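Residue-level structural notes
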Amino acid sequence: MRVSQILSAVLTTIDRDIGIVGETSNGDVLQALAMAMAIRAGMIHAPDAVTGPLASRLLQDALSAMAAAERNAAPAGHA
């Protein structure tokens, strides 16, 4: 439940920002999210040899799940 709440807050913030600032490339959004993930992983009190592979695995799992997900509607929003 908490993961869903955090994800909704992040996506809502991105959508709101793009609505205010205007046209933003998908590459810029993905780069900002990747940098945020890297910074957050660096904040964990564990060796980089642990947090780097963990972050990579989480991203790979999320991308795989997204690719396998059934879509019932067209994407909406700015993010």
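For every chain, the first residue of its written sequence is number 1, and the numbers climb from 1 along that sequence. Since the coordinates come from a predicted model, pLDDT governs what is reported: local features require at least 70, and pairs of side-chain atoms require 80 or more to be given and counted, while whole-chain, interface and lining totals use all residues. As a rule here, side-chain values cover all heavy atoms of the structure and leave hydrogens and water aside.

1. Considerations on the overall build of the protein
Numbered from the N terminus, helices here are DSSP runs of H or I no shorter than four residues, and strands are runs of E no shorter than two. Broken down by element type, the protein carries three helices and zero strands. Seen in sequence order, the protein has helices and strands lined up from the N terminus as α-α-α. By principal-axis analysis of the C-alpha atoms, the protein measures approximately 40 × 30 × 25 Å. Burial statistics for the protein: of 79 residues in total, 8% are counted as buried. The Shrake-Rupley method, run with a 1.4 Å probe, gives the accessible areas here. Residue values count only the displayed protein chains as cover. Of the accessible surface of the protein, which amounts to about 6600 Å², a share of 64% is contributed by carbon and sulfur atoms. The distance from the centre of the 5 positive side-chain charges to the centre of the 7 negative ones in the protein is 9 Å. When accessible area is computed with a 1.4 Å probe and restricted to protein chains, residues below 20% of their type maximum are described as buried, those above 50% as exposed, and intermediate ones as partly exposed. The sign given to each residue is positive for Lys and Arg and negative for Asp and Glu; His and the chain ends receive no count. Here the site of a charge means NZ on Lys, CZ on Arg, CG on Asp, or CD on Glu.

2. Structural notes on a nonpolar patch on the surface
Only residues above 30% relative accessible area that lack a salt bridge enter a patch, with like-charged residues linked at up to 9 Å and the nonpolar side chains Val, Leu, Ile, Met, Phe, Trp and Tyr linked at up to 5 Å. The term salt bridge refers to a pairing of a side-chain nitrogen on Lys or Arg with a carboxyl oxygen on Asp or Glu at a separation within 4 Å. Taken together, the side chains of Ile6, Leu7, Val10, Leu11, Leu30 and Leu33 define a hydrophobic patch exposed on the protein surface, amounting to about 510 Å² of accessible area. Those elements giving two or more residues to the nonpolar patch turn out to be α1 (2-21) and α2 (26-43). Residue placement: leucine 33 occurs in helix α2. Using a relative accessible area of 35% as the deciding quantity, one classes leucine 33 as partly exposed.

3. What about the pattern of salt bridges?
Taken as a whole, this structure holds one salt bridge when the rule is applied. Note that aspartate 61 and arginine 57 form a salt bridge whose closest N and O atoms lie 2.9 Å from each other. Highlighted residues: aspartate 61 and arginine 57, both in helix α3 (residues 48-68), separated by four residues, approximately one helical turn. Residue aspartate 61 is classed as partly exposed on the basis of its relative accessible area, which comes to 38%.

4. Re the environment of methionine 66
Take methionine 66: it is sitting in helix α3. By relative accessible area, which is 44% here, methionine 66 ends up partly exposed. Considering only alpha carbons, one finds methionine 66 and leucine 11, 55 residues apart in sequence, at a separation of 15 Å.

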